[in-house]
Amino acid sequence: MSFTSFEFAVFLAALFAAYYVAPPKHRWSLLLLGSLVFYWFSGFIIYVLATVVSTYGFSRLLEVKRSRWIAALWLVLHIGLLAAVKVPFFGLLMPLGISFYTFQSAGYILDVYRKKTAVERSPAKLALFVSFFPQLIQGPISRHGDLTKTLYSPNKLSSDNIAFGLRRILWGVFKKLVIADRLIAAVTLMSGDPEAFRGGYALLNILFYAVVLYADFTGGIDIAIGAARLFGVTVTENFNKPFTARSIAEYWRRWHITMGSWFRDYLFYPLSVGKPMRRFSRLSRKLLGNGFGKRLPVYIATIITWFATGLWHGASPNFIAWGLANGMVIILSQECQPLYKRFHARFAFGGSWWYHGFTVARTFILMGAIRSFDIYGGVGTTFRAVGSIFTPWRFPSLDLGVGGADGLVALLGVLLLVIAGRERPRRWFFALHPAGRLMLCLLLLCCILVFGVYGYGYDAGQFIYTRF
């Protein structure tokens, strides 16, 4: 059941009406029922139910006996299952959203082990935390202590929540149907024949994919956040203007925030401060000095974390290369920090607007090059496609699958994204009378109905991150 399907709109409207008609103390139960119905029509419900049962049982065991072996066994079982469904060798179908609810449950188990969150005594409430339908498909990856503040509450009908929710849903659907699904045809065509679409076309493909992925992923997250808010549930934001980042590290603090914070808190920090790494740190400082020897253990933890992040996206050489490339660029940037400091001390233009723009553009280009591993079918193919950008460009007359009218609509949609992301237009929008905001939302709905890209039966394509 896709977020942009007619079935989802009917399901959401029906659940919304039932939620506020039901007695307040039973409203969270309706959310659980709705989430299970959603997953029944969207994937293999047995997987999510098995995750709920094992997570509940192991958390209660941890409550009785705080043992790292209990937590480790849960991780081995579920991360192992996640790895098995992601590896093509086993031929298993990957259940919808398994990466997201597995990591969300893993965070809960680790927080229970660390005594950072209380054990959920109700198996039904834990089932709702694991399977809450808006974030099931592509996140965000919520923490138990954050999501449950409003998830189990008898939330009252609120005009503010309804306005916020519908506005975010419309904005997300606009990004998906008007921009992402319009340009994905060109990306698919150029990625499928990299020998024909090389040179300038390869660069165009990378730029198109950056727009497609951003509009597709943030559009899905907007719908998830908006749908949750209709029921008074607050879900963590997952993006913060990532294309304004001035470095790769800053980019990852702004893009897919909940995934990055999960790997940071549950993998990178434990690796960095664990006993094995502390022993290695003493050895490396003894052999290599207090400079690089002190940084080396952190860099090793960084590489392991990014290797795991690549595997989370997919058990293929391309995603592993993608993860390692991110880690290596971050490490290289950290090693160059002394050079950056001397450079800025020598030249005074470091704070100028044009240098700021240069660093933003540099980060965008670097991320585009790294993201190309997600576009093409193999590591070698990716290197050849990116390498062709630095050869003489030729533009043979090739059909990109996007006509002039479609290109113009997509361009206007991207310009609207840029304008809406700036602070002044946002303040202007919220300063409007509610009737004015309603008129703009209706205008946005008309744009979706007129310019949206629909497939068979008026359903849109699946979101890109559902494959993760």
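Up top is the structure these notes are about.
A short tour of the structure in this document, coming up. (Residues numbered from 1 in each chain as written. Predicted model: local features only at pLDDT ≥ 70, side-chain atom pairs only at ≥ 80, totals over all residues. Heavy atoms only, no water.)

### A short note on the overall build of the protein
(1) Moving on: If you tally the helices and strands in the protein, you get 20 helices and zero strands.
(2) Moving on: Against the compact-globule benchmark of 23 Å for 468 residues, the protein has a radius of gyration of 24 Å, which places it among compact chains.
(3) Moving on: Seen through its C-alpha atoms, the protein measures out along the principal axes to roughly 65 × 60 × 50 Å.
(4) Moving on: Relative to its 468 residues, the protein shows a buried fraction of 49%.
(5) Moving on: Considering only contacts within the protein whose residues lie at least 6 apart along the sequence, 75% involve residues at least 24 apart.
(6) Moving on: Working note: accessible area of the protein is about 23,200 Å², and carbon and sulfur atoms make up 69% of it. (Helix = DSSP H or I, 4+ residues; strand = E, 2+ residues; numbered from the N terminus. Rg over C-alpha atoms; globule rule 2.2 N^0.38 Å. Buried < 20%, exposed > 50% of the residue type's maximum accessible area, 1.4 Å probe, protein only. Contact = heavy atoms within 4.5 Å. Areas by Shrake-Rupley, 256 points an atom, 1.4 Å probe, with all protein chains shown as cover.)

### Some words on a nonpolar patch on the surface
(1) Moving on: Together, Leu438, Met439, Leu442, Leu445, Leu449, Val450 and Phe451 make up an exposed nonpolar region whose accessible area comes to about 680 Å².
(2) Moving on: Here Val450 falls in the exposed class, since its relative accessible area comes to 61%. (Patch = residues over 30% accessible without salt bridge, like charges linked within 9 Å, V, L, I, M, F, W, Y side chains within 5 Å. Salt bridge = Lys/Arg side-chain N within 4 Å of Asp/Glu carboxyl O.)

### Topic: unusual backbone geometry
(1) Moving on: Geometrically, the link from Gly139 to Pro140 is a cis peptide bond, its omega value of 0 degrees lying close to zero.
(2) Moving on: Note that Pro140 resides in the loop between α6 (123-131) and α7 (144-151).
(3) Moving on: Unlike most non-glycine residues, Lys115 shows phi in positive territory, near 60 degrees.
(4) Moving on: Along the chain, Lys115 falls in the loop between α5 (98-113) and α6.

### Comments concerning the pattern of salt bridges
(1) Moving on: Tallied over the full model, the rule gives 12 salt bridges.
(2) Moving on: A salt bridge links Arg182 to Asp406; the nearest nitrogen and oxygen atoms lie 3.0 Å apart. Taken together, the residues span a long stretch of sequence, with Arg182 in helix α8 (residues 159-192) and Asp406 in helix α18 (residues 404-420) at a distance of 224 residues.
(3) Moving on: On the basis of relative accessible area, Asp406 is assigned to the partly exposed category, the value being 31%.

### Some words on the packing of aromatic side chains
(1) Moving on: Applying the stated criterion across every chain yields a total of 43 aromatic pairs.
(2) Moving on: Considering the side-chain rings of Phe103 and Trp262, the 4.2 Å spacing of their centres and the 35 degrees angle between planes classify their relative orientation as tilted. With Phe103 in helix α5 and Trp262 in helix α11 (residues 257-273), this residue pair connects regions lying 159 residues apart in the sequence.
(3) Moving on: The class for Trp262 is buried, based on a relative accessible area of 8%.
(4) Moving on: Relative to Tyr266, the ring of Trp262 has its centre 5.1 Å away and its plane inclined at 55 degrees; by these criteria the two rings are tilted. Of this pair, Trp262 and Tyr266 both sit in helix α11, separated by four residues, roughly a single helical turn. For the pair formed by Trp262 and Tyr266, the shared burial category is buried.
(5) Moving on: Within the aromatic cluster, the residues linked to one another by ring pairs are Phe3, Phe8, Phe11, Phe16, Tyr19, Tyr20, Phe38, Phe132, Phe133 and Phe231.
(6) Moving on: Above the plane of the ring of Trp28 lies Lys125, whose end atom (NZ or CZ) is 5.5 Å from the centre.
(7) Moving on: Positioned above the aromatic ring of Trp255, the side-chain terminus of Arg371 is 6.0 Å from the ring centre. (Phe/Tyr/Trp six-rings, centres within 6.5 Å; stacked < 30°, edge-to-face > 60°. Lys NZ or Arg CZ within 6 Å of the ring centre and 35° of its normal.)

### Digging into the side chain of Asn318
(1) Moving on: Relative to the helices and strands, Asn318 is located in helix α14 (residues 317-335).
(2) Moving on: Asn318 gets classed as buried once you look at its relative accessible area, which sits at 7%.
(3) Moving on: Beyond its immediate chain neighbours, meaning those up to four positions away, Asn318 contacts Phe373, Tyr376, Gly377, Gly378, Val379 and Thr382.

### Digging into a positive patch on the surface
(1) Moving on: A cluster of basic side chains, namely Arg66, Arg68, Lys115, Lys275, Arg278, Arg279, Arg282, Arg285 and Lys294, defines a positive patch on the protein surface.
(2) Moving on: Note on placement: Arg278 falls in helix α12 (residues 275-288).
(3) Moving on: By relative accessible area, which is 40% here, Arg278 ends up partly exposed. (Lys, Arg positive; Asp, Glu negative; His and termini not counted. Charge placed at Lys NZ, Arg CZ, Asp CG, Glu CD.)

### What to know about the packing of α12 against helix α13 (residues 292-313)
(1) Moving on: Contact pair α12 / α13: the axes reach a minimum separation of 7 Å and the direction vectors enclose 140 degrees. As far as their axial angle goes, α13 and α12 are oblique. The element α12 and its partner α13 pack so that their crossing is right-handed. Contacts between α12 and α13 involve Met277, Phe280, Ser281, Ser284, Arg285 and Leu288 on the former and, on the latter, Phe292, Gly293, Lys294, Leu296, Pro297, Ile300 and Ala301.
(2) Moving on: Partitioning the contact of α12 with α13 into residue classes produces eight nonpolar, three polar and two charged. (Axes fitted to C-alpha atoms, helices over the stretch in contact; angles between N-to-C directions. Parallel < 35°, antiparallel > 145°, perpendicular 65-115°, else oblique. Left-handed = near helix turned anticlockwise from the far one by under 90°. Nonpolar A, V, L, I, M, F, W, Y, C, P; charged D, E, K, R; others polar.)

### Overview of α5
(1) Moving on: Compared with the 22 Å implied by 1.5 Å per residue over 16 residues, the 22 Å span of α5 between its first and last C-alpha is a close match.
(2) Moving on: With 16 of 16 residues buried, α5 is to be regarded as a mostly interior element. (Expected span 1.5 Å × (residues − 1).)

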